[in-house]
Amino acid sequence: MKRHCIFLLFVLLTNILYSQQGEISTEVLFQRYLQNEDEEIAIIIIGRQDSLYSMYCEAVLSKEVNESIGLFKNFIHLNPPYGISQAYLWIGIMYHQIAIYDTSLMYLDTSVNLNPNDYYAYYFRATNHGLMNNQKAAIEDYNTCIRLQPDFELAYRMRGNTYLDLQDYPNALTDMNKNIKLNKKDDQAYILRGIIYAEMKEYKKAIADWEKSKKLRPKNTRIADELIQNAKAEMKIK
């Protein structure tokens, strides 16, 4: 009898939860989705067939870049009260993925203007600047990204790589050290820090980092061995 009562209570609570979920407006549900980007919430929104917010969620979940871009553009055209800066960000990221960097930059600029606290927008805009050989602008955006999100390890790696391009090895090394401190298993960071050490003529440290990258990811063996061989040759000349 006791088990039967517990089961009935469970069913009752479950029905109440589902009832409450049904009472939540699509707009409120969409705001929740923007906060945590839970795919299950996106699927619920799509199921409601709301012409505005389901369009955004369909764009996020679409596997086709051009389809996603089209859906996000339609979403923006409807002038939604929520999600517009994120839509511009997504379009900027997608144009970045297909290497149309000038167009990507235009959408990322708009995303930053609409929401100057979104560190992802600064990060992707910085990567665009770097690929367009505007390292100064890239570093400025990485600086803002890191100020907004101090533990964003990838921003340190990418800013360090930009400093490496500028042959500013002390700043490059500082950033790569920070990246590795935040993520000791980042095999790419060890590759890059090894390159920085090699440029600074600290070949033993460089070789140690490349050996570490091989242990973390065996697929790095070919490139790491090549770098090690070159470093050993430089050490003999030295």
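Scroll up to find the structure this text is about.
Just so it is clear, the model here is predicted, and its values are computed rather than measured.

**Thoughts on the pattern of salt bridges**
Between side chains of opposite charge, pairing is possible as soon as their charged atoms come close.
Thought 1: One pass over the full model with this rule turns up nine salt bridges.
Thought 2: In this structure, Lys214 engages Glu211 in a salt bridge whose closest nitrogen and oxygen atoms are separated by 3.3 Å. Of this pair, Lys214 and Glu211 both sit in helix H13 (residues 203-216), three residues apart, which is roughly one turn of that helix.
Thought 3: Note that Arg222 is salt-bridged to Glu226, the shortest N-O span being 3.8 Å. One end of the pair, Arg222, and the other, Glu226, are both in helix H14 (residues 221-237), four residues apart, so they sit about a helical turn from each other.
Thought 4: The network of salt bridges with shared partners includes Asp109, Arg125 and Asp141.

**So, the packing of aromatic side chains**
Thought 1: All chains considered together, the criterion is met by 17 aromatic pairs.
Thought 2: Here the aromatic rings of Phe30 and Tyr56 are separated by 5.0 Å at their centres, their planes lie at 80°, and the arrangement is edge-to-face. With Phe30 in helix H2 (residues 26-36) and Tyr56 in helix H4 (residues 53-61), this pair connects stretches of sequence that are 26 residues apart.
Thought 3: On the accessibility criterion, Phe30 (0% relative accessible area) is buried.

**What about the packing of helix H10 (residues 153-165) against helix H12 (residues 187-199)?**
Thought 1: Axis separation between H10 and H12 bottoms out at 11 Å; the angle between their running directions is 25°. Between H10 and H12, the interaxial angle falls into the category roughly parallel. Crossing hand, H10 versus H12: left-handed. Between H10, through Arg157, Asn161 and Leu164, and H12, the contact on the second element is made entirely by Gln188, Ala189, Leu192, Ile195, Ile196 and Glu199.

**Looking at the nonpolar core**
Thought 1: Counting residues in each nonpolar core, the largest one holds 26 residues, and the members touching the most others are Phe30, Tyr33, Ile45, Tyr56, Phe72, Phe75 and Ile91.
Thought 2: Contributing elements (two or more residues each) for this core: H2, helix H3 (39-47), H4, helix H5 (65-77) and helix H6 (84-97).
Thought 3: A total of six residues in this core trace back to one element, the largest contributor, which is H4.
Thought 4: Ignoring any residue separated from it by four or fewer positions in sequence, one finds Ile45 in contact with Thr26, Leu29, Phe30, Tyr33, Asp50, Tyr53, Ser54 and Cys57.

**Brief notes about H2**
Thought 1: Those residues of H2 that sit buried are Thr26, Leu29, Phe30, Tyr33 and Leu34. Mapping the buried residues of H2 onto a view down its axis gives an arc of 145°, with all of them on the same face.
Thought 2: Two residues or fewer past H2, Glu37 is found with a positive phi of approximately 50°.

**Considering the environment of Ala198**
Thought 1: With respect to the secondary-structure elements, Ala198 resides in helix H12.
Thought 2: The exposure class of Ala198 is buried, given its relative accessible area of 18%.
Thought 3: The spacing of Ala198 and Ile228 is 30 residues in sequence and 9.6 Å in space, taken between C-alpha atoms.
Thought 4: The contacts of Ala198, once residues within four sequence positions are left out, are Tyr203, Ala206 and Trp210.

Parameters at a glance
- Residues numbered from 1 in each chain as written.
- Predicted model: local features only at pLDDT ≥ 70, side-chain atom pairs only at ≥ 80, totals over all residues.
- Heavy atoms only, no water.
- Salt bridge = Lys/Arg side-chain N within 4 Å of Asp/Glu carboxyl O.
- Helix = DSSP H or I, 4+ residues; strand = E, 2+ residues; numbered from the N terminus.
- Phe/Tyr/Trp six-rings, centres within 6.5 Å; stacked < 30°, edge-to-face > 60°.
- Buried < 20%, exposed > 50% of the residue type's maximum accessible area, 1.4 Å probe, protein only.
- Axes fitted to C-alpha atoms, helices over the stretch in contact; angles between N-to-C directions.
- Parallel < 35°, antiparallel > 145°, perpendicular 65-115°, else oblique.
- Left-handed = near helix turned anticlockwise from the far one by under 90°.
- Contact = heavy atoms within 4.5 Å.
- Core = buried A, V, L, I, M, F, W, Y, C linked by side-chain atoms within 4.5 Å.
- Arc of directions from axis to C-beta.

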